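Structural characterization, general
These are the residues of each chain, in order.
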Amino acid sequence: METTLTMKKHKLKSKRKVVDRWGSFLFVLPFLLAFTAFLLIPIGYGIYISLFQWNLLDENPVFVGLKNYLQLFTKGSYTYEVFFSTLGHTMLYAVIAVPLFTITSLGLAVLVNAVIPKLTGLFRTIFFFPYVLSLSVIGAAWALIFNPGAGLLNALLAAIGLNPVAWNATPGGAWTMIIVTSLWWGIGFNMLLFINALNNISSELFEAAEIDGASTWKKFRHITLPSIQPIMLYVVITSTIGAFNLYGQPLLLTAGGPGTSTKVTMMSILDEAFIRHQLGSASAMAVVLGLIIGCFILVQFMISRRKGH
């Protein structure tokens with residue numbers, strides 16, 4: 001009798017395990033379907049297109065294998081010159097923007113977290129509000145602010161006795177427009193991530209540090225920074241991906257000018273696809289850009305792990 005009951009209990013446990021596994025799978029299934037439909041399939045199809053000489057105006061693409069990639073890395077070819085010149089602009093933006101965005105958003109999070117608790121929600125809303133606006137609205141607004149003739153910024157400069165600046169006339173001024181606009185638009189989201197991470201740090205750690213006589217800087221360095229390292233890594237990675245995918249800001253604010261000094265890689269890829277109608281070479285450029293982004297992310301993971309150890 002006991003043996004029979006034991007067998008029944010074992011069967012019930014086995015059934016529960018199966019149900020739990022299928023239940024877990026069903027919860028994950030919508031994400032897997034969306035991930036496959038909107039990421040894996042487009043990536044695979046993009047790699048497939050990159051193996052063809054595919055003109056938008058021609059209904060019969062020609063298989064060329066790795067020819068598009070070879071041309072992309074052949075010095076003197078059109079795709080080589082366009083891709084790597086704009087990749088340099090993109091990397092310049094990434095080198096400046098990623099540390100700036102990370103440090104500024106962390107600094108704002110620390111300041112907002114330190115203000116009167118009743119006003120914390122207000123400051124969160126104020127800084128996060130630009131993030132919910134569309135990029136076209138952001139671009140149009142900041143184009144007016146930076147307008148050389150009637151812009152708000154030059155009006156403020158004139159009010160304090162300074163000469164107006166033709167922001168889009170020089171590469172430095174044009175990049176300033178792009179970086180300031182991007183910072184104002186995206187800093188709120190990263191700030192909220194850091195605020196949540198700061199709130200999850202145990203207050204007992206700070207109390208123990210105060211008892212030991214630790215200064216504010218030492219508490220920040222030895223308690224705050226190590227505790228928020230996972231969020232810091234996430235912010236750096238997402239900021240890096242966003243920097244390499246920069247497109248709307250230079251398009252709306254500078255149109256890639258003056259000259260081609262602010263033309264970025266995504267602009268050259270879209271020009272190759274929809275102005276020169278070469279889908280194959282444009283896809284090859286996109287694949288290479290994706291691999292470059294992946295390498296940067298891998299390096300960031302390795303650096304983070306070493307710091308963690």
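Keep in mind that this is a model prediction, so the values were computed, not measured.

**A short note on the overall build of the protein**
Scanning the protein from terminus to terminus reveals 13 helices and 2 strands. Radius of gyration (C-alpha) of the protein: 26 Å, far over the 19 Å computed for a compact globule of 309 residues. Reported as C-alpha extents along the three principal axes, the dimensions of the protein are approximately 90 × 65 × 35 Å. A burial count over the protein gives 34% of its 309 residues as buried.

**Remarks on the nonpolar core**
The biggest cluster of nonpolar side chains holds 60 residues, and the ones touching the most others in it are Phe83, Tyr93, Ile228, Phe244 and Leu289. Of all the elements, helix α7 (residues 171–199) adds the most residues to this core, at 12 residues. Other than its neighbours up to four places away in sequence, Phe83 contacts Leu72, Thr265, Met285, Val288, Leu289 and Ile292.

**Quick look at the packing of helix α3 (residues 78–114) against α7**
Two numbers describe how α3 lies on α7: the axes approach to 7 Å, and their chain directions differ by 45 degrees. In this view, α3 runs oblique relative to α7, as classed from their interaxial angle. Of the two elements, α3 crosses α7, and the hand of that crossing is right-handed.

**Re the packing of helix α9 (residues 216–227) against helix α10 (residues 229–244)**
At a closest axis distance of 5 Å, the pairing of α9 and α10 adopts a crossing angle of 60 degrees. One way to sum up the angle between α9 and α10 is to call them oblique. Across the interface between the two elements, Leu225, Pro226 and Ser227 from α9 touch Gln229, Pro230 and Met232 from α10. Broken down by class, the residue content of the contact of α9 with α10 amounts to 4 nonpolar, 2 polar and no charged.

**Structural notes on the environment of Ala109**
Note that Ala109 resides in helix α3. In the structure, Ala109 is positioned 69 residues away from Ile178 in sequence and 23 Å away in space, judged by C-alpha atoms. Beyond its immediate stretch of four places on either side in the chain, Ala109 contacts Met191, Phe194, Ile195 and Leu198.

Calculation criteria
- Residues numbered from 1 in each chain as written.
- Predicted model: local features only at pLDDT ≥ 70, side-chain atom pairs only at ≥ 80, totals over all residues.
- Heavy atoms only, no water.
- Helix = DSSP H or I, 4+ residues; strand = E, 2+ residues; numbered from the N terminus.
- Rg over C-alpha atoms; globule rule 2.2 N^0.38 Å.
- Buried < 20%, exposed > 50% of the residue type's maximum accessible area, 1.4 Å probe, protein only.
- Core = buried A, V, L, I, M, F, W, Y, C linked by side-chain atoms within 4.5 Å.
- Contact = heavy atoms within 4.5 Å.
- Axes fitted to C-alpha atoms, helices over the stretch in contact; angles between N-to-C directions.
- Parallel < 35°, antiparallel > 145°, perpendicular 65-115°, else oblique.
- Left-handed = near helix turned anticlockwise from the far one by under 90°.
- Nonpolar A, V, L, I, M, F, W, Y, C, P; charged D, E, K, R; others polar.

None of this, on its own, says anything about what the molecule does.
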